[in-house]
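# Secondary and tertiary structure notes
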Amino acid sequence: MIISNGLSRVCMAGVLLGLSLAALAREQVTQAAADIRRTSYGVPHIRANDERGLGFGIGYAYAQDNLCLLANEVVTVNGQRASFFGPEQATLEERNNLASDVFFTWLNTPDAVAAFWKAQSPQIQQRIEGYVAGYNRYLKEHGAPAPCQAAWVRPLVAEDLVKLTRRLLVEGGVGQFAEALVGATPPQATASAPTRAKAFELAAVNQQRFAFDRGSNAVAVGRDRSFNGRGMLLANPHFPWVGGMRFYEMHLTIPGQLDVMGAALPGLPVINIGFNQHVAWTHTVDTSKHFTLYRLTLDPKDSTRYMLDGKSVALDKTTVSVQVKQADGSLKNQSHTVYSSQFGPMVQWPGKLDWDRQYAFSLRDANLGNDRVLQQWYAMNRASSLNELKTSVRTLQGIPWVNTVAADDQGQSLYMNQSVVPNVSAAKLAQCSDPRAGLQMIMLDGARSACAWDIDPRAAQAGIFPADQLPQLERSDYVQHSNDSAWLVNPKAPLTGFSPVISQDHIGLGPRARFALQRLQSLKKPISVTDLQSMVMDNEVYLAGQVMPDLLAFCAKHLGADAAALQPLCTRLKNWDQRANLDSGVGLVHFINLVQHLQEIPDAWRVAFDPAQPLTTPRGLAIDRAPVAKALREAMLTSIAEVAKLGLTANSTWGDIQVSGQTPVHGGPQELGVYNAMQTVPRADGKREVVSGTSYLQIVTFDDQGPQARGVLAFSESSNPASKHAKDQTQAFSQKKLSPLPFTEAQIKADPQYQQLHIKE
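Computed from a predicted structure; not experimentally measured. (Residues numbered from 1 in each chain as written. Predicted model: local features only at pLDDT ≥ 70, side-chain atom pairs only at ≥ 80, totals over all residues. Heavy atoms only, no water.)

## A closer look at the state of the cysteines
- The tally for this structure, following the rule as stated, stands at three disulfides.
- What pairs with C68 in a disulfide is C148, and their sulfur atoms sit 2.0 Å apart. Here the S-S torsion is close to -80°, and the disulfide linking C68 with C148 is therefore left-handed. Of this pair, C68 sits in helix α3 (residues 51-77) while C148 sits in the loop between α7 (122-142) and α8 (158-169), and the two are 80 residues apart along the sequence. (Disulfide = S-S within 2.5 Å. Helix = DSSP H or I, 4+ residues; strand = E, 2+ residues; numbered from the N terminus.)

## Notes on the pattern of salt bridges
- Applying the stated criterion across every chain, the model contains 29 salt bridges.
- The shortest N-O distance in the salt bridge between E73 and R167 comes to 2.9 Å. You can see E73 sitting in helix α3 and its partner R167 sitting in helix α8, a full 94 residues away along the chain.
- Given a relative accessible area of 3%, E73 falls into the buried group.
- Of the residues examined, R167 reaches a relative accessible area of 6% and is grouped as buried.
- The partner of D160 in a salt bridge is R154, with the nearest N and O atoms 2.8 Å apart.
- Members of the salt-bridge network, linked through shared partners, are D35, R37, R47, E745 and K749. (Salt bridge = Lys/Arg side-chain N within 4 Å of Asp/Glu carboxyl O. Buried < 20%, exposed > 50% of the residue type's maximum accessible area, 1.4 Å probe, protein only.)

## A few points about the side chain of R514
- Structurally, R514 is set in helix α14 (residues 511-522).
- It turns out R514 is buried and unbridged, and the closest side chain with the opposite charge, D484, is 9.2 Å from it.
- Aside from chain neighbours lying at most four places away, what touches R514 is L509, Y542, Q546, P614, L615, T616, T617 and P618. (Lys, Arg positive; Asp, Glu negative; His and termini not counted. Contact = heavy atoms within 4.5 Å.)

## Remarks on the packing of aromatic side chains
- Applying the stated criterion across every chain, the model contains 15 aromatic pairs.
- Taken together, a centroid distance of 5.9 Å and an interplanar angle of 75° make the contact between F177 and W349 edge-to-face. Placement of the pair is F177 in the loop between α8 and α9 (178-182) and W349 in the loop between β14 (344-345) and β15 (359-365), with a sequence separation of 172 residues. Both residues of the pair, F177 and W349, belong to the buried class.
- Clustering of aromatic rings is evident, with ring pairs tying together F84, F85 and W152.
- The ring of Y359 is capped by R295, whose NZ or CZ atom sits 4.5 Å from the centre of that ring.
- Note that R364 overlies the ring of W453, its terminal NZ or CZ placed 3.8 Å from the centroid. (Phe/Tyr/Trp six-rings, centres within 6.5 Å; stacked < 30°, edge-to-face > 60°. Lys NZ or Arg CZ within 6 Å of the ring centre and 35° of its normal.)

Have a look at this one:
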């Protein structure tokens, strides 16, 4: 880790992390012990006297609820799927097991894992070691649950949690290019790991879904708009409902040192999104770039060498070996060569990033150098003020690929786009990037060392932007974010003038952001908890308000010869309440189908996007244009056929269609501007299974007694189908119930489901 002004920066980190020699000495000799107090829905409130004890309680509680989930993710990040499940099977993300193993074996080398561990503070190390001990204690006492009683379930070691953390870091970068990294081979060479066309098709879908599956909404309200003059926070992350990015709700306490509640990702012993006595915060996936591609000009004599500043340089070669289960059950080593330039590993994507005899491509991921991520959330968990939280983020720069939105008990609201971003200025982009590649994916010239990322001594890591060059906005009215750029977090104070690698302004807002801004502006009275809850639970389909008048006008005047066939669809649209509630009619299904078709039509908007009117454009359907009318009529006929094929009738409702298991789920596609966004996949029975969307929903306010929070974990605490806490919060979410989150000792012990378990090593 490269840090400028060494003494002052180290001192600041020391203050933020609350280092205490006495505490360290106590923790080194004290046997780990913790109390796990559970309240309604099985939410664990974990209390311990030191860091190792707290980690012990977290690991034990998590194993109680999600042992199989974590064990499966540990197999993945250790590159062992092909050895246990065979090379042709796939991960939960539909990545081929062998390709997954090669990628994670490359990512999590012993040296990389050891370096990450060495960079952690003693407190983080103790908490991780405690987590491992707690998980292992539960596994030894109770064994694995029925779904994972197999050889691949084993006791954890600290390195497993490091590998899980490193996987999280690259989710916004090279992790999206695993197939491309594994498939990168020189011309005429043969890839040893499978990189079939279907694998790349799935990878492309996963890349497109990244922001959808890990999107989010956030609103922080300041004293000028709050009902009581204190800060308010709506946290509405849209994260996967299954797998390694599934949130877990918990409350962590070390008396006199730490008191924080919220949600954490699997294997992380800190709160990622949550609140403490004075501050509440959340995250939204940002639009900043966290990696860049480099186009290498190859040596015409050897396609494993590239030209740099006029000199021929050999690509580095790393041999990655994984064990592969054979048909007879035996294991066989299989090796694969990963090539790298000085800019990073080679990646090859047929038809997009081809490695031929003239060019090849490297990828540099900024978060591969981020060893501060756990320390970052550790500091945020302990922040006693909004200013302290802000200072920790700006100093440590450990946030990987998300924005931070926060509010405090003093009535301030804060937005920070302070993640790990490659230091590539607008001037360097102009000099080093190919304009034909656009800005969706930054591609720099790898033939010139001058096109390497700039190094600023003020940054916490070589090659990233320092904090003072990244967007930040503190307000006493409100800030909001829904996965757009930093531009219009609050329209009264546009954030402009940043490198396009960081944030782009004067580009169209997504419909969720437009919905949020219009809703917040329409609330003339002070904003209440009910107002924030309604933004999510109203399930308004924002885009319907923009195009439904034109759709109904088309139904009234332009059906032509297809009138008889199309009239039932028009009737369903007219009767639909323009929401995505459980009782919303089948008109919603038709609307989804129509919008999906129309998004492929150029110039379908009646009023195009106008940077001078970003909150109200684009809007309307250009039904008077012949190509649009033709496409709309075809989309209507197609939708009628699709709805009939699904067996839906005039009496069908959205709750009959969108489900989690057998539980109906409200909300809808985020591309329609549904704030309560849901991503689904079709099931064999014609229903659609929720795989991502509103996950941990939290609304926090403050009064003289501290935080007052309400929330729900939409997919429930436990991923074990046999657990009584596998569906209870899902059913509550289905009924739009947000429950008080017990935070004080009195609230915890007064909970009707209160129970306590004391554990020790």
